[in-house]
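Here is what each chain is made of, one letter per residue.
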Amino acid sequence: MKAFAALYQRLDATTRSSVKRAAIVDYLHSADPRDAAHAVAVLSGQRPRRPISATLLREAAAQASDLPLWLLEESYHHVGDLAETLALLLPPPARAEDVALHHWMEQRLPQLARAEAAAQQALLQQWWAAMPQEQRLVFHKLLTGSFRVGVARQTVTQALATALGREPGQIAARMMGRIRPSADLLERLAAAEQPADTLAPYPFALAHALEGAAAELGPATRWQAEYKWDGIRAQLLHRAQAALWSRGEEPLDASFPELLQAAQALPPGCVLDGEIVAWDNEADAVAPFAALQRRLNRRKPGAALRRDVPVRFLAYDLLEQEGEDLRARPLRDRRRALETLLASPPAGIGLSPLLQGDWPRRARWRAQARAARAEGLMLKDRDAPYPSGRPRGPWWKWKLDPYTVDAVLLYAQAGHGRRSGLHSDFTLGVWQDGELVPVAKAYSGLSDAELLRADRWIRAHTRERFGPVRAVAPEQVFELAFEGLRPSSRHKAGLALRFPRILRWREDKPAQQADQLATLQRLLEGQ
Amino acid sequence: MPLLEPRTAGLYCAAGDFWIDPLRPVPRALITHAHADHARAGHGCVHAAAPGWPVLEHRLGALDGRPLDYGEPLRLGGARVSLHPAGHILGSAQVRIEAGGEVWLVSGDYKRQPDGTCAPFEVVPADVFVSEVTFGYPVYRWPEPATVYAQIRDWWQDCAAAGETAVLLCYALGKAQRVLHGLRDSAESILLHGAMTALTALYREAGVALAPTCPLSEYEGELAGRLVLAPPSAAGSPWMRRFRKRRLALASGWMMLRGPRRRRAVDRGFVLSDHADWPSLLRTIDEVNPQQVLLTHGDSAPLLRYLREAGREAADLRGAR
């Protein structure tokens, strides 16, 4: 694992993707193919299953470091990264042996996962005692399943393309879906012919947010406008079998069996790009995202839930028809083929409608998007092929402005990663009957300089500490942006904000002038 | 009544009517070392350790009062005072105060690692020990300085091989000279930011062996391949623009953690601190072996609890935290 740990360090030490790419290429050139396969899978964001619970891991580390568990916890809150904390706390190893990455992934971690709790701790002690110090961090990252090193999937794809002498597009297509990290992975990626029976999706086209005015894009007739649905982006396939893939390339087959069934009614050799939404049968319209949330993360939904929350796949692009890859064709052709294909669609599949008209008309569609359960519009160049990755130009998100609320900082906790050691995780509240009720947690939105200043203010105005959480004087107002509201019995306020983030620090505003809960309640009712 | 009490202006000793490291002008001040969060101008009478006196006067202007040799006793009112090496920077001192049959020791900033630029920390037994706790978590365990200097040399070579300037950010007083001492065998002269030249000259005059240096302002040669020392405030300033191709590193104890390293947006972090790490804090408290430990300057809660669980009487100097 020495080479992989060195790669991790190189990746971790830089923010430049060109340097990261070069580091991965170097690694791929020299690594044992069995190790390289696992490295590719892990760097692409394929999480290894957690072989040990975080609690047992911490206890074992506290014991090995001869520290009380509470001090390990305090250190973790200070550092903001468990894998790193443990790497720093453990005593130097008695001896050092280098165990190959594939051996870790295929033998040792599964062995750890199978062992009883006591045996797990014993195994860890034994491994730590022989592990070179510089390999600990990466080992703990594998153990905690949070393997993030700021490498975009695209960077891995490009590095593979360079190392294997292939087109990035080919690599990207073959990297879709779950990567099987066997010794022949690199050969499979480089192979000239794609096995016909694959169920892999195509790389998803992504869009940038439109910054200027839509009219600056040129004549409206060149641009296809659709709703930007508030659902789950997915590709629905029917080849040898049906399959459903999320944008994160997770298989969704088990969560939405009715959509797979619907796909089987389509002619084989077809791939749709679209959005999974919850459907309101009575209104024959998209249901609020909150309904869809009940279906999320629910593998194998029961019959009752499927009846309560029916779903529909709204298709807006056709990537493959009769086994032929259509992506190079202009959108206008793909759209025509899609409309023909879905002229009388199977139940569960719908066609995402086009929003016709000139720019002023489209601006009105956009303004009314929330009523249609959309976040705004998508604008797509009718002459463009299906984009690969997130290029600027062919697709634009024309989103609605978010809702905003002025809330008061109540609690703060130290952040993680880049923000470790800084109190950057905020809990904020609004007024109800002269009291502040928490309504949101927000993590992002402040500049580094503001974060430092906020951190100093928080430390100086702490009223009480609950472990890592500080209750602060309720004086600072922050403007939050959010995408919507949903009722919540778990929150004291009775509602929860969707995607809350900090827009601005309102240092000009006294806490008394922050918003009232009643305002949010009215908004929820009106949604 | 305790011998020392924390007040807004600083730490006050009523028995001797003097202040330690006061941040506001006072009639009589004892200054542990010349860093700006300890040494301020405007006091009536100043005492500080003799090896650091020139640096202190360089920063604060001519001082009334007088330098003390390490260990030299001084009578102030009802208190007997002496200064002892703290190993933090040149002339840094701990303050020993004896009055009413009790001995207090104020560590100031200190470290236990060997550092050829200043006298090593001296263990002074005391009844009450006021210790700094800048790095009060067990994740802070410093690597050997020799290892760090080797890392700096390797990094410099890498930069040179890539035709880039190696810009190393470090505090202008203490850290910069420590790096120069660590690299004293360098054949090539190291370029200095203007904030460091005079301080470095003072170290040289004190007899500290340093690498050859050249003020950047007087250097007219090729910048690629050179090592430049600059204070952390230079990062992101227009001063930086003169280096067309450069890599940036920072030498500090905070570089132990990846979060701060990434936050500072430096290419490289070197773990080099002039403060005590966790094992040094514990070792020093054991060796001073006081009846009571008072912690200051930093996040004291974890160390407090750890000491109390080990049976020591410990509190935060600034009151409950």
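In case you missed it, the structure is sitting above this.
A brief structural summary.

Procedures and definitions
Residues numbered from 1 in each chain as written. Chains lettered and ligands numbered in written order. Predicted model: local features only at pLDDT ≥ 70, side-chain atom pairs only at ≥ 80, totals over all residues. Heavy atoms only, no water. Helix = DSSP H or I, 4+ residues; strand = E, 2+ residues; numbered from the N terminus. Rg over C-alpha atoms; globule rule 2.2 N^0.38 Å. Buried < 20%, exposed > 50% of the residue type's maximum accessible area, 1.4 Å probe, protein only. Contact = heavy atoms within 4.5 Å. Areas by Shrake-Rupley, 256 points an atom, 1.4 Å probe, with all protein chains shown as cover. Lys, Arg positive; Asp, Glu negative; His and termini not counted. Charge placed at Lys NZ, Arg CZ, Asp CG, Glu CD. Phe/Tyr/Trp six-rings, centres within 6.5 Å; stacked < 30°, edge-to-face > 60°. Lys NZ or Arg CZ within 6 Å of the ring centre and 35° of its normal. Pairing = 2+ DSSP bridges. Axes fitted to C-alpha atoms, helices over the stretch in contact; angles between N-to-C directions. Salt bridge = Lys/Arg side-chain N within 4 Å of Asp/Glu carboxyl O. Polar contact = N/O pair within 3.5 Å; in protein donor to acceptor, adjacent residues only side chain to side chain. Nonpolar A, V, L, I, M, F, W, Y, C, P; charged D, E, K, R; others polar. Expected span 1.5 Å × (residues − 1). Parallel < 35°, antiparallel > 145°, perpendicular 65-115°, else oblique. Left-handed = near helix turned anticlockwise from the far one by under 90°. Core = buried A, V, L, I, M, F, W, Y, C linked by side-chain atoms within 4.5 Å.

1. What about the overall build of chain A?
When you go through chain A residue by residue, the secondary structure sums to 19 helices and 20 strands. Against the compact-globule benchmark of 24 Å for 527 residues, chain A has a radius of gyration of 26 Å, which places it among compact chains. Projected onto its principal axes, the C-alpha coordinates of chain A cover approximately 70 × 70 × 45 Å. Looking at chain A residue by residue over its 527 residues, the buried ones come to 52%. Sequence-distant contacts in chain A: of pairs separated by 6 or more residues, those separated by 24 or more amount to 69%. Accessible surface for chain A amounts to roughly 24,000 Å². Of this, 49% is attributable to carbon and sulfur atoms. For chain A, the separation between the mean place of its 71 positive charges and that of its 61 negative charges on side chains is 1 Å.

2. What about the packing of aromatic side chains?
Summed over all chains, the structure comprises 22 aromatic pairs over all chains. Here Tyr110(B) and Phe121(B) contribute two aromatic rings whose centre-to-centre distance is 5.0 Å and whose plane-to-plane angle is 35°, an arrangement assigned as tilted. With Tyr110(B) in the loop between β10 (102-106) and β11 (128-132) and Phe121(B) in the loop between β10 and β11, this residue pair connects regions lying 11 residues apart in the sequence. The exposure classification of Tyr110(B) matches that of Phe121(B), with both residues buried. The structure contains a cluster of three or more aromatic residues connected by ring pairs, namely Phe135(B), Tyr140(B), Trp142(B) and Trp254(B). Above the plane of the ring of Trp104(A) lies Arg108(A), whose end atom (NZ or CZ) is 4.8 Å from the centre. Cation over ring: Arg312(A) sits above Trp279(A), and NZ or CZ is 4.1 Å from the ring centre.

3. Some remarks on the sheet that holds strand β15 (residues 227-230) of chain B
Residue and element names in this part refer to chain B. Strand order in the open sheet formed by six strands is β14-β13-β15-β12-β16-β17, with parallel pairing between adjacent strands. Every interior strand has two partners, whereas the edge strands, β14 (213-215) and β17 (268-270), have only one. Across the sheet, the axes of successive neighbouring strands diverge by a mean angle of 30°, strand direction being ignored. Where helix α4 (residues 194-205) meets the sheet, its contacts fall on β13 (190-192), β14 and β15, and the angle it forms with β13 comes to roughly 115°.

4. Structural notes on the interface of chain B and chain A
Counting residues at the interface gives 21 residues for chain B, matched by 28 residues for chain A. Counting across the chain B and chain A interface gives four salt bridges. The closest approach of N and O atoms between Arg258(B) and Asp12(A), which form a salt bridge, is 2.7 Å. Linking chain B with chain A are nine residue pairs in polar contact (both at pLDDT 80 or more), by the criterion used here. Elements represented by at least two residues in the side of chain B that touches chain A include exactly α5 (258-263) and α7 (301-309) of chain B. Considering each element in turn, the side of chain B that touches chain A owes the most residues, six residues, to α5(B). Broken down by class, the residue content of the side of chain B that touches chain A amounts to 11 nonpolar, one polar and nine charged.

5. Concerning helix α4 (residues 54-65) of chain A
Residue and element names in this part refer to chain A. Taking 1.5 Å of rise per residue, the 12 residues of α4 would be expected to cover 16 Å, and the 16 Å separating its terminal C-alpha atoms lies within 8% of that figure. By the burial criterion, the buried members of α4 are Ala54, Leu56, Leu57, Arg58, Ala60, Ala61, Ala62 and Ser65. On its buried face, α4 sits against α5 (69-79), α6 (82-89), α8 (117-128) and α9 (136-144). Phi turns positive one or two residues past the end of α4, at aspartate 66, with a value near 60°.

6. Regarding the side chain of Asp273(A)
Residues and elements named next belong to chain A. Relative to the helices and strands, aspartate 273 resides in strand β5 (residues 270-280). Judged by relative accessible area, which is 0%, aspartate 273 ranks as buried. Engagement of the side chain of aspartate 273 in a polar contact is seen with the side chain of tyrosine 386, the distance being 2.7 Å. Once residues within four sequence positions are removed from consideration, aspartate 273 is found in contact with Phe204, Arg233, Ala234, Gln235, Phe313, Leu314, Ala315, Tyr316, Asp317, Leu319, Tyr386 and Trp395.

7. Describing the packing of helix α7 (residues 101-114) of chain A against α9(A)
A pair of packed helices can be characterised by two numbers: the angle between their axes and the separation between those axes. Residue and element names in this part refer to chain A. In the contact formed by α7 and α9, the axes pass within 12 Å of each other and the chain directions differ by 50°. With respect to α9, the axis of α7 lies oblique. Between α7 and α9 the crossing geometry is right-handed. In this structure, α7 uses Leu101, Trp104, Met105, Leu109 and Leu112 to contact α9, whose residues at the interface are Phe139, Leu142 and Leu143.

8. What to know about unusual backbone geometry
Trans peptide bonds make up the majority, and among non-glycine residues the majority have a negative phi. The backbone of Asp433(A) shows a phi angle near 50°, a positive value even though the residue is not glycine. Among the secondary structure elements, Asp433(A) is positioned in the loop between β13 (423-432) and β14 (435-442). One non-glycine residue, Asp21(B), lies in the positive phi region at around 45°. Mapped onto the elements of the fold, Asp21(B) is located in the loop between β3 (18-20) and β4 (28-30). On the basis of relative accessibility, which here comes to 11%, the residue Asp21(B) falls in the buried class.

9. Let's talk about the pattern of salt bridges
Residues and elements named next belong to chain B. For the structure shown, the criterion picks out 48 salt bridges over all chains. Notably, a salt bridge pairs aspartate 286 with arginine 312, separated by 3.2 Å at the nearest N-O pair. Placement of the pair is aspartate 286 in helix α6 (residues 278-288) and arginine 312 in the loop between α7 and β19 (313-316), with a sequence separation of 26 residues. When its relative accessible area of 49% is taken as the criterion, aspartate 286 is described as partly exposed.

10. Details of the nonpolar core
Residues Phe4(A), Ile24(A), Leu124(A), Phe139(A), Phe147(A) and Leu160(A) are the most contacted members of the largest nonpolar core, which totals 112 residues. The greatest single-element share of this core, amounting to seven residues, is contributed by helix α3 (residues 33-43) of chain A. Among all residues touching Ile24(A), those that are not within four sequence positions of it are Leu7(A), Leu11(A), Leu43(A), Val151(A), Thr155(A), Val156(A) and Ala159(A). Counting 47 residues, the second largest nonpolar core, distinct from the first, contains Ala9(B), Trp19(B), Ile31(B) and Val55(B).

11. Notes on the environment of Gln516(A)
All names here are of chain A. By the secondary structure assignment, glutamine 516 is in the loop between β20 (501-506) and α19 (517-526). Relative accessible area serves as the criterion here: at 38%, glutamine 516 is assigned to the partly exposed category. In this structure the C-alpha to C-alpha distance between glutamine 516 and aspartate 35, which are 481 residues apart in sequence, comes to 56 Å. Ignoring anything within four residues of it in the chain, the contact list for glutamine 516 reads Val430, Trp431 and Gln432.

12. Focus on the environment of Val293(B)
Residues and elements named next belong to chain B. By the element assignment, valine 293 lies in strand β18 (residues 292-296). In sequence terms valine 293 and aspartate 127 are 166 residues apart; their C-alpha atoms lie 8.7 Å from each other. Leave out the neighbours within four places in its chain, and valine 293 touches Phe129, Ile285, Leu307, Arg312, Glu313, Ala314 and Ala315.

13. Details of the pairing of strand β4 (residues 242-246) of chain A
All names here are of chain A. Counting buried positions along β4 yields five of five residues, so the element is predominantly enclosed. Side-chain alternation along β4 places Ala242, Leu244 and Ser246 on one buried face and Ala243 and Trp245 on a second face that is also buried. One ladder, built from five bridges, connects strand β3 (residues 232-238) with β4; its direction is antiparallel. Bridge pairing in β4 places glutamine 235 opposite tryptophan 245. Two successive antiparallel strands, β3 and β4, enclose a turn made up of three residues.

14. What about the sheet that holds strand β7 (residues 74-76) of chain B?
Residue and element names in this part refer to chain B. Read from one edge of the open sheet, seven strands run β7-β8-β9-β10-β11-β18-β19, paired in mixed fashion. Bordering the open sheet on either side are β7 and β19, each of which pairs with just one other strand. Taking each pair of neighbouring strands and ignoring which way they run, the sheet shows an average axis angle of 25°. Pairing of β10 with β11, which is carried by three bridges, proceeds in the parallel orientation. Pairing of leucine 105 across the sheet is with phenylalanine 129, part of β11. α7 contacts β18 and β19 of the sheet and is inclined by roughly 165° relative to β19.

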